[in-house]
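Here's the letter readout for the chains.
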Amino acid sequence: MKIRTGFVSNSSSTSFLIIAKEDLNQADFFELMGIEPDSPIANLFEQFYQAVIQSIDTAIDFKTVDKQVPAESLFEGEWTDYLSSHMITKIQDAKNHGLKAYLGKLSSDENLVECFFCTDSFEVENEKIYFNGLECVW
Amino acid sequence: MIFTLHYFFAKLPWKTKHNTIIAPTNKTFILPLGYDSSHRNSILISLGAPIDESMFLLKAKVKRGTYAGELLANLYDEIFNRSLELKYDYADYYAIEYGTFDEYVRKRFLFTLEIVNDINVRFAQSCQIIYFQPSFHFLIEDYGVEFLENLFEPRGEL
């Protein structure tokens, strides 16, 4: 398990990159976050999970993608400006291993919970999922 | 061994202004105070029994060293190490200046009489009364109160 935390201010939205072995599901998300499903504060992470799912802009299954195509070129449009070299390395690695990648944006204009996680800055990883919530987007 | 005034203060049954003695219980109460003149959200947390960080994380059912574990550890630190504990503050610094705890909370914090009465009736049973100004965005309004109530008084208590 890796964990990196911090705080970003003056952010109206934050892009995220998730790389997973399987389709995203709440059980794996809770395991990644380190919270039990019957936690008395599970609602906070249920809302976080729902915000993430509803904010996914692009989803790619690298098992179905031509290996000759550069990984970063699969995320077109505005995403080319938002991908850090660290994210591109992670996407390239996901491609090499035939994993799934999800890109999206959380917004501080939505509900309290999404606003909180949008303005937090973190990078977490376990054996099933990698979640990069470090990059700020205006 | 040195015993502070706070130690005895926390252990003794509380006497209200009506001289009604209420024995300490394990019940925790959360009282939202709204926003102060600096637009900071404030909440009173009245604890029936002390809780350490390990028990706090255990009750929250989060794993130490994970994102949720770090978030809850930060919340614990904010509540218990970076907030003002009113009984301690009163006993150590204001007991001479203000004859009663009522007078202390009314004059120092300018709480309304309704809040002061709430403290008398319900919060007097506690071992700690914490004046908490959360920095976590989601700890406001009804959601924040419900979150803290679930956290401190979960259904199916351990």
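Look a little higher up for the structure.
Residues numbered from 1 in each chain as written. Chains lettered and ligands numbered in written order. Predicted model: local features only at pLDDT ≥ 70, side-chain atom pairs only at ≥ 80, totals over all residues. Heavy atoms only, no water.

Caption draft 1: Spatial organisation of the interface of chain B and chain A. In this assembly, 23 residues from chain B lie in contact with 24 residues from chain A. On the chain B side of the contact with chain A, B:Lys61, B:Tyr67 and B:His137 bury the most area, a combined 40% of that side's loss. Where chain B meets chain A, there are 1 salt bridge. Residues A:Asp38 and B:Lys61 are paired through a salt bridge, measuring 2.9 Å at the closest nitrogen-oxygen approach. The tally of links from chain B across to chain A stands at 10 residue pairs in polar contact (both at pLDDT 80 or more). Those elements giving two or more residues to the side of chain B that touches chain A turn out to be helix H2 (53-60), helix H3 (67-80) and helix H7 (141-152) of chain B. The greatest single-element share of the side of chain B that touches chain A, amounting to 6 residues, is contributed by H3(B). (Contact = heavy atoms within 4.5 Å. Buried area = accessible area lost by both parts, 1.4 Å probe. Salt bridge = Lys/Arg side-chain N within 4 Å of Asp/Glu carboxyl O. Polar contact = N/O pair within 3.5 Å; in protein donor to acceptor, adjacent residues only side chain to side chain. Helix = DSSP H or I, 4+ residues; strand = E, 2+ residues; numbered from the N terminus.)

Caption draft 2: Structural view of empty space enclosed by the protein. All names here are of chain A. Applying the stated criterion to the full structure yields 1 cavity of 30 Å³ or more. By volume, the largest cavity amounts to about 30 Å³. Every residue along the wall of the largest cavity is listed here: Ala 20, Lys 21, Glu 22, Asp 23, Leu 24, Asn 25, Asp 28, Lys 128 and Ile 129. Split into classes, the residues belonging to the lining of the largest cavity amount to 3 nonpolar, 1 polar and 5 charged. (1 Å grid on protein atoms, 1.4 Å probe; cavity = no way out; pocket = protein on both sides within 12 Å on 5 of 7 lines; lining within 4 Å. Points joined across faces, edges and corners; volume = space filled by probe spheres on them. Nonpolar A, V, L, I, M, F, W, Y, C, P; charged D, E, K, R; others polar.)

Purely geometric stuff here, so don't read any function into it on its own.
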